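# Descriptive structure summary
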Amino acid sequence: MTVIDIPGSKSVTARALFLAAAAEGTTTLRRPLVSDDTEGFAEGLAALGYAVRREPDAWHIEGRPAGPGVETADVYCRDGATTARFLPTLAAAGHGTYRFDASAQMRRRPLGPLSTALRDLGVDLRHGEKDGHHPLSVHAAGVKGGALSLDAGQSSQYLTALLMLGPLTAEGLDITVTDLVSEPYVDITLAMMRSFGAEVTREGRTYRVAPTGYRARTYGIEPDASTASYFFAAAALEPGRSVTVPGLGSGALQGDLAFVDVLRRMGADVEIADTGTTVRSTGTLRGLTVNMRDISDTMPTLAAIAPFADGPVRIEDVANTRVKECDRLDACAENLRRLGITVETGPDWIEIHPGTPAGPVEIATHGDHRIVMSFAVTALRTPGITFDDPGCVKKTFPDFHRVFDAFARTP
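The present account deals with the structure reproduced in this document. (Residues numbered from 1 in each chain as written. Predicted model: local features only at pLDDT ≥ 70, side-chain atom pairs only at ≥ 80, totals over all residues. Heavy atoms only, no water.)

### Brief notes about the overall build of the chain
Looking only at helices and strands, the chain has 13 helices and 24 strands in total. For 411 residues, the compact-globule formula gives about 22 Å, and the C-alpha radius of gyration of the chain, at 21 Å, lands near that figure. Projected onto its principal axes, the C-alpha coordinates of the chain cover approximately 60 × 40 × 40 Å. By the burial criterion, 60% of the 411 residues in the chain qualify as buried. Sequence-distant contacts in the chain: of pairs separated by 6 or more residues, those separated by 24 or more amount to 72%. Split by element, the accessible area of the chain, about 14,600 Å² in all, is 46% carbon and sulfur. Separation of charge centres in the chain, based on 41 positive and 51 negative side chains, amounts to 1 Å. (Helix = DSSP H or I, 4+ residues; strand = E, 2+ residues; numbered from the N terminus. Rg over C-alpha atoms; globule rule 2.2 N^0.38 Å. Buried < 20%, exposed > 50% of the residue type's maximum accessible area, 1.4 Å probe, protein only. Contact = heavy atoms within 4.5 Å. Areas by Shrake-Rupley, 256 points an atom, 1.4 Å probe, with all protein chains shown as cover. Lys, Arg positive; Asp, Glu negative; His and termini not counted. Charge placed at Lys NZ, Arg CZ, Asp CG, Glu CD.)

Now the structure itself:
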């Protein structure tokens, strides 16, 4: 059995950085993810006047409940969607003028519903070029609060940003959601907000957040479940292989751990304990139809091993994957077809037929870390796979290739 220490969760690290910055006192984050996305978030906080001190296994953030410590700032969000959506929302609670921009990839990704919601709350938010996209500026004067309606059908991050803003408003927030994707990520947000002292309840489609502020604390970051999916998939794919990820067990916050339930349905042996999760190959991968709306970040992982199943693999309700770092549905289909696999797609689904992927093929990554890490699993059974941009894994797991190669060589 191979034991893999997975880096900290990107989703949890980003939320923890927001909450720590907003809290009264100094927060220590234990074992945060160190990657391009999280470093960009931390640098954004520093540009906004928050004190961030980084040690190898701990980051210390001095909170500022009143908002940024500077009156003007220019923040570059890199490729990070959490940075690009959370930091303007955090800045809105302060007082000053804050300008935000991002990479070309992030500029293409939408944030219109969040912009509209902030404007409905009275925030003076202006887009510099294309409405609903970066660059943007926030002319902040605090947020009173109140009731609003939100469409989070493209991204749950819109709702997460507003929920985390709620305790910083003068009167609290009532957010009624008309549509919601990736709901388990919202569950992460709610649990973490409460651990920092927030009071938030849900009644049907309405979330009510009291204006309590936040309290600093020491907070441990659990391993990243989306990253773990590549190792779990590899273990399910390779006969005789097993892998255990410690620290990601029955009490995990992240909904993406449910990916192992998909592997179980396909025939893998799965054990989720308090201390970690183990996946073992049984030598069988069955085809299936699965709704991945709530765990759509692991859709490429499943697509990458789907050709090795004994029947078609159909993944449904994943339209939101078309507005990630790239159009992941089309990217998976494109690369699988180049490997000789029959693939069909629709607006929110992909169906992959059994076959033997054949190289040599250079995978078109579209600069998307998840395309690289997913097809690295395919490469375990397909000699000749290379990547046009292998380094884009720095977004969430800079050391991925070394760790995965060592894992692949372990019997």
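### Regarding unusual backbone geometry
Look at the link from His134 to Pro135: it is a cis peptide, with omega at 5°. Structurally, Pro135 can be placed in the loop between strand 8 (124–127) and strand 9 (136–141). Residue Pro360 is bonded to the preceding Gly359 through a cis peptide linkage, with omega at 0°. On the secondary structure map, Pro360 appears in the loop between strand 22 (350–352) and strand 23 (361–363). Backbone geometry places Arg31, a non-glycine residue, at a positive phi of 55°. Take Arg31: it is sitting in the loop between strand 3 (26–30) and helix 2 (36–47).

### Digging into the nonpolar core
One finds Phe100, Leu159, Leu162, Leu163 and Tyr214 to be the most contacted residues of the largest nonpolar core, which totals 73 residues. Here this core takes nine residues from helix 1 (residues 10–22), the largest share from any one element. With residues near it in sequence (within four places) discarded, Leu163 still touches Ile175, Val186, Thr189, Leu190, Met193, Val200, Tyr207, Val209 and Tyr214. In this structure, Leu248, Val262, Val279 and Cys392 belong to the second largest nonpolar core, which totals 67 residues. (Core = buried A, V, L, I, M, F, W, Y, C linked by side-chain atoms within 4.5 Å.)

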